[in-house]
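# Per-entry structural report
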Amino acid sequence: MTLTLTTALIRMGLALLLGALIGIERQLHKHPAGVRTFTLICMGSALAMILSIYICQTNPDLHNGDPGRIAAQVLTGIGFIGAGLILKNQDGVTGLTTAACIFMTAVIGLAIGAGMLLLSAIITAVVLIILVSSHYRFWEKKE
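Residues numbered from 1 in each chain as written. Predicted model: local features only at pLDDT ≥ 70, side-chain atom pairs only at ≥ 80, totals over all residues. Heavy atoms only, no water.

### Re the overall build of the protein
Here is the rule: Secondary structure follows DSSP: runs of H or I at least 4 residues long count as helices, runs of E at least 2 residues long count as strands, and numbering of each begins at the N terminus. Throughout this description, buried means an accessible area under 20% of the type-specific maximum (1.4 Å probe, protein chains only), exposed means over 50%, and partly exposed covers the range between. Whether two residues are in contact is decided by their heavy atoms: any pair within 4.5 Å suffices. Reported accessibility uses the Shrake-Rupley method at a 1.4 Å probe radius. Residues are deemed covered only where the shown protein chains occlude them. We count Lys and Arg on the positive side and Asp and Glu on the negative side, and we leave His and both chain ends out. Working definition for charges: the position is that of NZ of Lys, CZ of Arg, CG of Asp or CD of Glu.
For the protein, the count of helices and strands is 5 helices and 2 strands. In the protein, the order of α-helices and β-strands from amino to carboxyl end is α-α-α-β-β-α-α. For the C-alpha atoms alone, the extent of the protein along its principal axes is close to 65 × 30 × 25 Å. By residue count, 34% of the 143 residues in the protein fall in the buried class. For the protein, the share of sequence-separated contacts (at least 6 apart) that also reach a separation of at least 24 residues comes to 63%. For the protein, the computed accessible surface area is about 9000 Å², with 67% contributed by carbon and sulfur atoms. The positive charge centre, built from 9 side chains, and the negative charge centre, built from 6, are 5 Å apart in the protein.

What follows is the structure, encoded as structure tokens:
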């Protein structure tokens, strides 16, 4: 499938929507990263993948063209952002879930950029189910 402006805009719109959904959940529960952060991460990852595909598509004679290279660098950068959110204090460790959400949102963005729209939507729903259900702590005994 040839990447067109329309295709790219649809993918970016979906990245905006799915990133915002995860960000809304995090912001509603007063976590350090919210709607803006998650939306920008998802859109940035999607755009990086779209760019990577576009470069390979428009330069067929490019011998070292590999869309996976930019994706790998996105994940490296996201690792640094996630690491900055994890804090150790007297009560234990905080920020692990937010860091994991940032990683998942970046990967969802990469998948959107690669054209895996339905899978991205399903995985976003699964992430939201995990986040929302964790607030109810079904596994703990009620007294």
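### Section: the nonpolar core
Operational definition: The definition of a nonpolar core used throughout is a set of buried Ala, Val, Leu, Ile, Met, Phe, Trp, Tyr and Cys residues joined through side-chain atoms within 4.5 Å.
Within the largest apolar cluster, 28 residues are counted, with the highest numbers of intra-cluster contacts made by Ile22, Phe38, Ile78, Ile102, Ile108 and Ile112. Taken together, the elements giving at least two residues each to this core come down to helix H1 (5-28), helix H2 (35-58), helix H3 (67-85), helix H4 (96-113) and helix H5 (117-134). Once residues within four sequence positions are removed from consideration, Ile78 is found in contact with Ile41, Ile102, Phe103 and Ala106.

### Topic: the side chain of Thr39
As for its position among the elements, Thr39 is in helix H2. Not counting chain neighbours up to four residues away, the residues in contact with Thr39 comprise Leu16, Gly19 and Ala20.

### A few points about H5
So the rule is basically this: Expected span, for any helix, means 1.5 Å times one less than how many residues it has. Summarising the geometry, the arc corresponds to the directions from the helix axis toward the C-beta atoms.
Taking 1.5 Å of rise per residue, 18 residues should cover 26 Å, and H5 covers 26 Å from first to last C-alpha, within 8% of that figure. Considered for burial, the residues of H5 that qualify are Ser120, Thr124, Val127, Leu128 and Leu131. Mapping the buried residues of H5 onto a view down its axis gives an arc of 100°, with all of them on the same face. Set apart from the buried face of H5 by more than 90 degrees, the exposed residues are Leu118, Ile129 and Ile130. Its buried side turned inward, H5 meets H1 and H4.

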